[in-house]
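Chains, contacts and geometry: an overview
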Amino acid sequence: MKVEKVMVIGAGQMGSGIAQVCAMAGYQVLLNDLKPEYTDRGFGVINKNLSRQVEKGRMSEDQKKEILNRLTASTDFQDAGRVDLVIEAAVENMEVKTKIFAQLDEIAPAHAILASNTSSLPITEIAAATKRPEKVIGMHFMNPVPVMKLVEIIRGLATSDQVYQTIEDMTRTLSKVPVEVNDFPGFVSNRVLMPMINEAIYTLYEGVASKEAIDEVMKLGMNHPMGPLTLADFIGLDTCLYIMETLHEGFGDDKYRPCPLLRKYVKAGWLGKKTGRGFYVYE
Ligand code: CAA
Ligand code: NAD
């Protein structure tokens, strides 16, 4: 199957990035969110990213316009009736995602593939909310999407080989590198990354060192581009907590228990960079 039209659900930090790279690769893209203010915010980020490319001489003003012309805002799931692929990037919550997939299944054409950008939730369970589990797959982009090369491709129990191949090929057209993984909580990326971030939060919680010191140790000592607490703020503390809860519940192992400090920050609405405050304060 040839993918031409893509719908991205959720115009947050991941959805806007996914919409941008799809439009840059020549796909017609619908960017959907609950309210026009949210899609406007997503378009604002895309516009800023493309303008930076123009300023750096990597893209002409005309190319930028062509890319923006391939992008359309949507606040109506009925728009899924004319796409070949949906990539869902709404919040990391099983109830929200299964509801979205059940709705999309009723609207999207029979041939359409339904992909989720979930960070950790089982693709098999999301697929079970539809009548087309063979056409449901995980397409896990990394943040910031325009920069990071990896896309983890996750097969659910029922995902067909043909659908897997279509998504692997489509990922390459985005100039990304697909890596195949099986459907287990957190896949590979967040099974390895998130316990490290959670442990860094415990290190702060137990008073082993200041937040700046913890980040500096990991940046200068391990050559990480960002310290783990800065990275947690960048990902979103709500997303980090959801992922830890998925690992904890999915494996039934207390080594994945989320740090109480992480819970406290999320309860306070300190979700990181996107809300202006997490471990650090952002202007
Ligand atoms: N959107 C688009 N482009 C961005 C960007 C953003 N949010 N942030 C930075 N960039 C671009 C910059 O424009 C710049 O581009 P050029 O080189 O083409 O000029 C380039 O990235 C480098 O940026 P900077 O020089 O400003 O800053 P930097 O060198 O510190 O790099 C970074 C920024 C790429 C974000 C780097 O700090 C980094 O790699 N951090 C770690 C990111 C990471 O680990 N991501 C994975 C998170 S986990 C995940 O995504 C999975 C999950 O499920 C939670
Ligand atoms: P975000 O909070 O920035 O954006 C989520 C967006 O989804 C919001 O704009 C929200 O209004 C919208 N939304 C919620 N319910 C919706 C619905 N029913 N229909 C349409 N839109 C809806 O979150 P994010 O960081 O972009 O994360 C989105 C997804 O991507 C999550 O599943 C997350 O786990 C995953 N992910 C996040 C990262 C990261 O670093 N933040 C990396 C990879 C994957």
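In what follows, the accompanying structure is described. Note that the coordinates shown come from a computational prediction; the quantities given were computed from them, not determined experimentally.

**Section: helix H2 (residues 36–55)**
Helical geometry: 3.6 residues make up each α-helical turn, so side chains three or four residues apart lie on a common side. Spanning 20 residues, H2 covers 28 Å between terminal C-alpha atoms, matching the ideal 28 Å at 1.5 Å per step. When H2 is considered as a whole, its buried residues turn out to be Thr39, Gly42, Ile46, Asn49 and Leu50. Seen from one end, H2 has its buried residues packed into an arc of 95°, which puts them on one side. Residues Asp40, Lys48 and Glu55 are exposed on H2 and point more than 90 degrees away from its buried face. Taken from the residues just after H2, glycine 57 is the one with a positive phi, measuring 75°.

**Regarding the nonpolar core**
If you look at the biggest cluster of nonpolar residues, it comprises 34 residues, and the most contacted ones within it are Val6, Cys22, Leu85, Ile87, Phe141 and Met170. A per-element tally of this core places helix H1 (residues 13–24) first, with six residues. Not counting the four nearest positions on each side in its chain, phenylalanine 141 is found in contact with Met14, Ile18, Val21, Ile87, Asn117, Leu150, Val151 and Leu174. Counting residues in each nonpolar core, the second largest holds 25 residues, with Ala200, Leu231, Cys259 and Phe279 among its members.

**Description of the site of ligand 2**
In the vicinity of ligand 2, 26 residues are found, and the nearest of them are Asp33, Glu92, Lys97, Ser119 and Ile235. Side-chain polar atom of asparagine 117 to an oxygen atom of ligand 2: 3.0 Å apart, as the coordinates give it. Here a nitrogen atom of ligand 2 sits 2.8 Å away from a polar atom, N or O, in the main chain of isoleucine 235. Considered on its own, ligand 2 offers 840 Å² of accessible surface; in the complex 89% of this is hidden by protein. Among the residues making up the shell around ligand 2, the classes are represented as 11 nonpolar, 10 polar and five charged.

Analysis parameters
- Residues numbered from 1 in each chain as written.
- Chains lettered and ligands numbered in written order.
- Predicted model: local features only at pLDDT ≥ 70, side-chain atom pairs only at ≥ 80, totals over all residues.
- Heavy atoms only, no water.
- Helix = DSSP H or I, 4+ residues; strand = E, 2+ residues; numbered from the N terminus.
- Expected span 1.5 Å × (residues − 1).
- Buried < 20%, exposed > 50% of the residue type's maximum accessible area, 1.4 Å probe, protein only.
- Arc of directions from axis to C-beta.
- Core = buried A, V, L, I, M, F, W, Y, C linked by side-chain atoms within 4.5 Å.
- Contact = heavy atoms within 4.5 Å.
- Near = heavy atom within 4 Å.
- Polar contact = N/O pair within 3.5 Å; in protein donor to acceptor, adjacent residues only side chain to side chain.
- Areas by Shrake-Rupley, 256 points an atom, 1.4 Å probe, with all protein chains shown as cover.
- Nonpolar A, V, L, I, M, F, W, Y, C, P; charged D, E, K, R; others polar.

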